[in-house]
Amino acid sequence: MDATFLLLLACGLALFGYVLGRQRAAAFTARAPSWRAVHSRPGFHGSFVALAVAIPALLLLGIWAAVGRPGPSAVGAAIVLLAGLAGGALALRRLEPSFRARTWVERATMLVLLAASVLAIVTTVGIVLSLIVESIRFFERVPVTEFLFGTRWSPQTAIRADQVGSSGAFGAVPLFWGTIFIGAIIAMAVAVPLGLLSAIYLSQYASGIARRILKPVLEVLAGVPTVVYGYFAALTVAPAVRQLGLSLGIEDASAESALAAGLVMGIMIIPFVSSMADDAINAVPQAMRDGSLAMGATSSETVRLVIIPAALPGIVGGILLAVSRAIGETMIVVMAAGLAANLTLNPFKSVTTVTAQIVQLLTGDQEFDSAKTLSAFALGLVLFLITLVLNIWALRIVKRYREAYE
Amino acid sequence: MSIDTLARVAQNQRSVDARPLMTARDVHVWYGPKHALKGVSLDITRENVTAFIGPSGCGKSTFLRCFNRMNDTVAGARVEGRIELDGQDIHAPEMDVVQLRARVGMVFQKPNPFPKSIYENVAYGPRIHGLAASQGELDHIVEHSLQRAGLWDEVKDRLQDSGTALSGGQQQRLCIARAIAVDPEVVLMDEPCSALDPIATAKVEELIEELRGRYAIVIVTHNMQQAARVSQKTAFFHLGEMVEYGDTSQIFTNPREARTRDYITGRYG
Amino acid sequence: MTAVAAASRQPTDWGHPRLAQRLRRRHRSERLFRAIGLSALVVAVGFLALLLGTMLKDGVSGFVQTQARIDTTLDPATLELSADRSPEALASANYLAVYLRDVRESLGQDGVRIASINGWTELRRRVLEDPGLVGQRLTLWVPVRSEVDQYAKGRIDVGADPTLAPIRPEQVRAYARLEAEGRIRKAFNRTFLSAADSTSPESAGIRGAFVGSLLTILVTLALAFPVGVLAAIYLEEFAPKNRWTDLIEVSINNLAAVPSIIFGLLGLAVFLNTMGLPRSAPLVGGMTLALMTLPVIVIAARAAIKAVPPSIREAALGIGASRLQTVFQHVAPLALPGILTGTIIGVARALGETAPLLMVGMRAFIVDAPRGFTDPATVLPVQIFLWSDDVNRGFVEKTSAAILVLLAFLLAINAVAVYLRNRYERKW
């Protein structure tokens with residue numbers, strides 16, 4: 001029997017239990033001498049029965065789905081349904097005016113609420129565990145030091161063992177450099193000044209109408225999917241950048257370049273930086289601004305000498321978050337930065353990044369246990385740890401900053 | 001020629017001038033559709049501390065903010081009428097609001113030192129206006145401003161500490177030092193003591209008395225005793241109108257208007 | 001001493017030329033600063049305009065298809081059709097033979113170089129719609145081959161050396177002849193909206209990816225919305241302040257900023273390799289995106305719940321409601337608009353996501369829209385990525401057209417969020 005169908009059946013059974021329980025409770029509530037004699041209202045009795053059906057049934061269904069996937073389906077289905085029916089029958093027998101159905105239902109609900117919020121931790125643990133487990137398997141084949149400090153990256157494992165370069169090279173330094181070069185240097189060189197200045201202009205100079213129009217426009221920029229940016233980078237920006245490189249006399253200007261990917265990524269991050277900066281600037285008390293203006297400072301002096309220094313922690317936190325986002329960005333670099341693991345300072349050359357390699361390693365034909373595919377998880381682990389540190393650091397700065405002005 | 005020599009000439013010119021320093025004629029203010037100030041006329045002189053009193057929302061702070069055009073920074077505010085500083089219309093196109101605010105300083109209700117060092121707070125005005133030719137001159141200005149604000153002895157050993165680390169009263173005196181560091185002609189004070197404890201209030205009041213004569217001082221206060229203590233002239237505002245203006249002693253002992261008398265005697269407010 | 005010090009400073013003469021000059025310089029730098037701020041904004045907005053402009057320029061023609069008119073006779077003999085007219089028999093008839101014969105007949109010997117080889121599917125579609133057409137004669141507009149389509153749209157420059165052009169000289173000649181005969185037209189490209197992926201651009205459409213996106217997002221929504229709202233309610237209304245809730249908070253805030261590709265790795269390692277769920281399925285894609293969307297919804301829902309003033313809770317508790325009743329009957333409904341707005345924004349982000357879905361293999365090449373949550377499927381952004389990689393230049397306009405569809409879709413969704421926010425949001 002299909003699992004989806006079984007799930008629906010269990011839910012239907014629970015609904016039936018709800019109706020039955022509610023009816024029974026409604027009956028004895030009507031007979032009761034006063035409403036005070038009945039502890040819970042009929043709806044709670046109904047919910048109690050429904051829970052008594054659903055919990056054992058769904059629990060078994062979950063275990064069944066997780067452990068014995070194929071299994072004897074008819075028997076399994078019967079067990080699931082029987083457990084539900086048994087739970088429902090037991091619950092129905094307990095219903096009586098003094099039964100504290102509401103307390104039970106509320107307790108169960110609290111458990112559900114708790115479980116929902118614990119899922120965040122489960123996800124985090126799941127990420128960490130799955131990355132670590134696969135990374136350990138990778139490091140059994142390739143030494144950690146080679147991975148972290150090696151400068152040659154060529155993960156193609158040869159088909160025959162006696163071929164040249166059959167072992168592949170897993171020195172990830174060119175990838176780390178490419179990631180930093182594109183995400184933290186080029187993209188930030190575009191996004192920080194443009195985002196910051198846009199935020200300053202919008203908050204200090206723009207008229208109310210202009211603000212109401214331009215802010216959503218910037219938000220649109222933030223809502224464009226990254227694959228669109230990637231396509232635009234590859235199709236329009238990269239050729240233009242290459243032309244620029246050639247006209248500057250750089251002969252090996254590549255069709256896929258760090259500059260093209262970094263530029264477009266920077267543009268993508270602008271709204272992010274500008275909204276973080278806007279928050280930080282708005283958190284500076286109006287009294288500060290008035291104080292400066294009343295001294296005869298111009299708006300720009302007020303911004304440069306008072307508001308920006310006061311908002312600096314918030315802005316720095318925002319920039320750190322932006323860096324974290326940029327180095328984790330995937331599609332733009334996959335489509336526009338290329339796959340050549342170059343260790344170069346030349347922005348017109350092709351470099352590759354951690355995320356681009358992860359995609360490259362895990363798509364297409366693959367055997368799951370090769371060092372090649374496992375290396376993607378090691379790269380993922382490094383990426384996760386770096387963004388984790390950046391995020392926590394940034395969030396802490398931003399939080400402390402907000403508290404300072406509250 | 002140094003600024004000081006030139007300034008002395010200006011000072012001499014200023015002292016022979018017997019006219020009121022600032023005049024306001026038929027000033028109206030609207031905040032959006034709200035008519036917040038309805039045709040107020042008043043003269044401000046250097047010799048006197050002028051106090052604006054009246055119940056909350058009576059327009060006294062609104063009027064105060066007209067003298068250095070701080071209402072310009074409020075979205076939707078509109079000011080009509082003529083205000084002159086030394087005979088110049090402050091709304092005239094050739095009047096530079098940056099310069100106006102350097103000449104007409106302001107101290108706010110809540111102390112608002114910048115999140116910078118004590119030194120940088122006081123040096124802020126002279127720096128942006130370029131009033132000091134050298135670092136030594138700037139040190140000089142900072143020291144004298146803090147002395148005049150009566151704060152020097154308390155902070156001279158920790159000028160590099162943050163201005164926000166001072167106590168509330170000290171912060172407010174720091175703000176006064178900051179305002180007088182550019183040597184304004186008028187100092188506007190918008191309820192400068194309402195956020196302070198009684199001892200800090202007494203210090204600020206003493207300071208106002210000391211500054212009188214050098215700067216024209218206008219103080220908005222909701223505290224009538226304070227107005228009586230520090231001012232020589234008092235204007236009483238009610239519902240956007242100036243009800244009565246005169247010598248402080250006269251306003252408090254023998255008001256001409258019934259509304260003023262009711263307010264002074266605590267019938268409302 | 002104070003008096004001496006005070007007297008030593010003199011009032012400033014603002015008319016002094018040095019100060020006047022300085023003032024002019026300050027105003028100049030003020031204007032400059034303002035201009036720089038404005039130009040930063042103009043650059044950002046200009047880039048958006050450039051991006052949209054490029055997509056429109058390249059993409060609009062993707063909605064237009066060049067078609068050739070053929071006259072065809074659906075004779076049962078060539079169709080290899082017996083008396084059996086059951087749908088199965090009709091579906092497996094030899095339409096290609098009829099099609100090739102009639103294309104040559106209608107368009108000349110060069111016809112097969114003009115008309116798309118996949119045009120026969122149009123015959124099958126018509127017959128399956130109306131079996132009575134068998135044995136009839138009918139006139140059909142069929143798509144032309146991609147390079148002819150591109151040539152017709154002026155996107156191919158034959159140039160000086162025709163042998164290098166992607167279109168052959170005889171095709172150019174045949175096209176000119178057919179156009180003169182009135183057998184060529186440009187029409188709205190229905191194929192693009194109704195077909196799934198194909199190796200030939202003229203037969204490729206976005207329906208498969210679109211349906212895949214819908215199925216995926218349905219899974220995401222069904223998982224992330226209830227769990228996210230419940231988690232937010234717990235954290236905002238019931239959670240005790242201790243190390244565990246701190247940990248949950250940090251986890252959620254951090255997950256909201258974890259690169260999306262990491263979620264893809266998680267999906268690959270857990271859902272595919274450990275749990276053995278089917279690859280390329282909307283179910284797995286949706287689950288992966290749900291984990292990614294969850295923190296966004298939790299954060300938005302918490303903010304919305306926090307905005308409900310305590311007086312509402314006190315009023316409900318005061319008349320004897322339990323805390324759960326208070327939350328579910330009073331607080332949650334008031335917070336709902338904010339929660340929905342946050343959810344829509346999270347879902348819009350998930351809809352545009354590509355990288356994590358590549359990790360769980362949602363790049364299936366499918367010629368039919370997926371029918372269920374476990375069928376192999378792809379989604380719109382991944383389709384865009386796949387097409388953008390295709391060497392066939394006919395896919396350039398398809399890619400841009402698909403981007404236009406995706407952007408329009410996202411814009412519509414966001415418009416709903418903005419509408420909800422403006423319509424229902426209250427300031428307390």
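Residues numbered from 1 in each chain as written. Chains lettered and ligands numbered in written order. Predicted model: local features only at pLDDT ≥ 70, side-chain atom pairs only at ≥ 80, totals over all residues. Heavy atoms only, no water.

Points about the overall build of chain C
Note the threshold: Labels follow the DSSP assignment, with helices taken as runs of H or I lasting at least four residues and strands as runs of E lasting at least two, numbered in each case from the N terminus. Between the two quantities, the radius of gyration covers C-alpha atoms and the globule rule is 2.2 Å times the number of residues to the power 0.38. Burial classification: accessible surface area is computed with a 1.4 Å probe over protein chains only, and a residue below 20% of its type maximum counts as buried, one above 50% as exposed, and the rest as partly exposed. Residue contacts are counted whenever heavy atoms from the two residues lie within 4.5 Å of one another.
Within chain C, the secondary structure is distributed over 19 helices and 3 strands. Over its C-alpha atoms chain C spans a radius of gyration of 32 Å, topping by over 25% the 22 Å that the globule rule assigns to 428 residues. Within chain C, buried positions represent 52% of all 428 residues. Counted over contacts in chain C with a minimum sequence separation of 6, partners at least 24 positions apart contribute 75%.

Some details on the overall build of chain B
In plain terms, the rule: Under the convention used here, a 1.4 Å probe and the Shrake-Rupley method define accessible areas, while residue burial counts only the protein chains that appear.
The secondary structure content of chain B amounts to 11 helices and 10 strands. Taking 18 Å as the expected radius of gyration for a compact globule of 269 residues, we find that chain B reaches 19 Å, a close match to that expectation. Oriented by its inertia axes, the alpha-carbon framework of chain B measures out at about 55 × 45 × 40 Å. A total of 269 residues make up chain B; the buried ones form 57% of that total. For chain B, restricting intrachain contacts to residue pairs at least 6 apart in sequence, the fraction spanning at least 24 positions comes to 66%. Here chain B displays about 10,900 Å² of accessible surface, and carbon together with sulfur accounts for 48% of that area.

Let's talk about the sheet that holds strand E3 (residues 184–188) of chain C
All names here are of chain C. For clarity, the cut-off: Should DSSP find at least two bridges between two strands, the strands are regarded as paired. Between the N-to-C directions of two axes lies an angle of 0 to 180 degrees, each axis being a line fitted to C-alpha atoms and, for a helix, fitted only over the stretch in contact.
Read from one edge to the other, the open sheet built from 3 strands follows the order E2-E1-E3, with strand pairing classed as antiparallel. Edge positions in the sheet fall to strand E2 (137–143) and E3, since each has one partner strand and no second. Across the sheet, the mean angle separating the axes of adjacent strands is 40° when strand polarity is ignored. Of the pairings in the sheet, the one linking strand E1 (residues 64–73) to E2 comprises 7 bridges and is antiparallel in character. Among the inter-strand pairings, alanine 68 is bridged to a residue of E2, identified as valine 142. In the packing of helix H5 (residues 95–107) onto the sheet, contacts are made with E1 and E2, and the angle to E1 comes to roughly 100°.

Structural notes on helix H5 (residues 135–148) of chain B
Residue and element names in this part refer to chain B. Inclusion rule: What a helix should span is 1.5 Å times the count of its residues minus one.
Between its first and last C-alpha, H5 extends 20 Å over 14 residues, near the 20 Å set by a 1.5 Å rise per residue. What H5 keeps buried is the set Leu138, Ile141, Val142, His144, Ser145, Leu146, Gln147 and Arg148. Of the residues one or two after H5, glycine 150 is the one with positive phi, at around 70°.

Side note on the sheet that holds strand E8 (residues 216–220) of chain B
All names here are of chain B. Strand order in the open sheet formed by 6 strands is E6-E7-E8-E3-E9-E10, and the pairing between neighbours is mixed. A strand with exactly one partner marks an edge of an open sheet, and here the two such strands are strand E6 (104–107) and strand E10 (241–247). The mean angle between the axes of side-by-side strands here comes to 15°, regardless of whether they run parallel or antiparallel. Of the strands in this sheet, E6 and strand E7 (186–190) touch helix H7 (residues 168–180), which is tilted by about 170° from E6.

Quick word on the interface of chain C and chain A
We count it as follows: Values labelled buried area give the accessible surface lost by two parts on being combined, using a 1.4 Å probe and summing over both. A pair is scored as a salt bridge if a Lys or Arg side-chain nitrogen falls within 4 Å of a carboxyl oxygen belonging to Asp or Glu. Any pair of N or O atoms that falls within 3.5 Å is considered a polar contact. Within protein, one atom must be able to donate a hydrogen and the other to accept it, and sequence-neighbouring residues count only if both atoms are side-chain atoms. All residues other than Ala, Val, Leu, Ile, Met, Phe, Trp, Tyr, Cys, Pro, Asp, Glu, Lys and Arg, Gly among them, are scored as polar; the first ten of these are nonpolar and the last four charged.
With 77 residues of chain C at the interface, the matching set in chain A holds 80 residues. Between chain C and chain A, roughly 6,600 Å² of surface is buried when both sides are summed, and carbon and sulfur atoms account for 78% of that area. Area buried by chain C at its contact with chain A is led by C:Phe33, C:Leu41 and C:Phe47, which between them contribute 10% of it. The interface formed by chain C and chain A includes 1 salt bridge. Between A:Glu301 and C:Arg26 there is a salt bridge, and its shortest N-O distance comes to 2.7 Å. At the surface where chain C touches chain A, the tally comes to 10 residue pairs in polar contact (both at pLDDT 80 or more). When residues of the side of chain C that touches chain A are assigned to their parent elements, the largest contribution, 20 residues, is made by helix H2 (residues 17–59) of chain C. Class assignment of the residues belonging to the side of chain C that touches chain A gives a composition of 54 nonpolar, 16 polar and 7 charged.

Focus on the environment of A:Ala322
Residues and elements named next belong to chain A. In this structure, alanine 322 sits in helix H11 (residues 299–328). A relative accessible area of 0% means that alanine 322 is categorised as buried. Separated by 49 residues in the primary sequence, alanine 322 and valine 273 place their C-alpha atoms 6.5 Å from one another.

Details of the packing of aromatic side chains
Here is the rule: Stacked, tilted and edge-to-face are the three classes applied to pairs of Phe, Tyr and Trp rings, where Trp contributes its six-membered ring and a pair requires centres within 6.5 Å; stacked means planes under 30 degrees apart, edge-to-face means over 60, and tilted covers the rest. Comment: the charge-over-ring label is applied if NZ (Lys) or CZ (Arg) is within 6 Å of the ring centre and within 35 degrees of the ring normal.
Evaluated as defined, the whole model comprises 23 aromatic pairs over all chains. Three or more aromatic residues link up through ring pairs in this structure, and these residues are A:Phe138, A:Phe139, A:Phe147, A:Trp153, A:Phe170 and A:Phe176. The ring of A:Trp104 has A:Arg107 sitting right over it, with the charged end atom 5.5 Å from the ring centre. Here B:Arg78 stacks its cationic end above the ring of B:Trp30, 4.3 Å away from the centre of that ring.

Digging into the pattern of salt bridges
Throughout the structure, instances matching the rule amount to 39 salt bridges over all chains. When salt bridges with common partners are traced through the structure, they connect C:Asp149, C:Lys153, C:Arg155, C:Glu397 and C:Lys398 into a single cluster.

Remarks on the packing of helix H4 (residues 118–129) of chain B against H2(C)
Quick reminder of the rule: Roughly parallel covers angles under 35 degrees, roughly antiparallel covers those over 145, roughly perpendicular covers 65 to 115, and oblique covers all other angles.
Where H4(B) contacts H2(C), the two axes come as close as 9 Å, and the packing angle between them is 95°. The orientation of H4(B) with respect to H2(C), classified from their angle, is roughly perpendicular. Facing H4(B), whose interface residues are B:Arg127, B:Ile128 and B:His129, H2(C) presents C:Leu19, C:Arg22 and C:Arg26. Considering only residue class, the contact of H4(B) with H2(C) consists of 2 nonpolar, 1 polar and 3 charged.

With respect to unusual backbone geometry
Residues and elements named next belong to chain B. In this structure, aspartate 26 takes a positive phi of about 50° despite not being glycine. Summarising the element assignment, aspartate 26 is placed in strand E1 (residues 22–31). On the basis of relative accessible area, aspartate 26 is assigned to the partly exposed category, the value being 44%. For aspartate 86, which is not glycine, the phi torsion reads 55° and is therefore positive. Structurally, aspartate 86 is set in the loop between strand E4 (77–85) and strand E5 (88–89).

Here's the deal with a nonpolar patch on the surface
Residue and element names in this part refer to chain A. Going by this rule: Nonpolar side chains (Val, Leu, Ile, Met, Phe, Trp, Tyr) are joined into patches within 5 Å and like charges within 9 Å, using only residues with over 30% relative accessible area and no salt bridge.
Judged by side-chain polarity, Ile55, Leu59, Leu60, Ile63, Val75 and Ile79 come together as a nonpolar surface patch covering roughly 540 Å² of accessible area. Contributing elements (two or more residues each) for the nonpolar patch: helix H2 (42–66) and helix H3 (73–94). If one sorts the elements of the nonpolar patch by residue count, H2 sits on top with 4 residues. Among the structural elements, isoleucine 79 can be located in helix H3. On the basis of relative accessible area, isoleucine 79 is assigned to the partly exposed category, the value being 47%.

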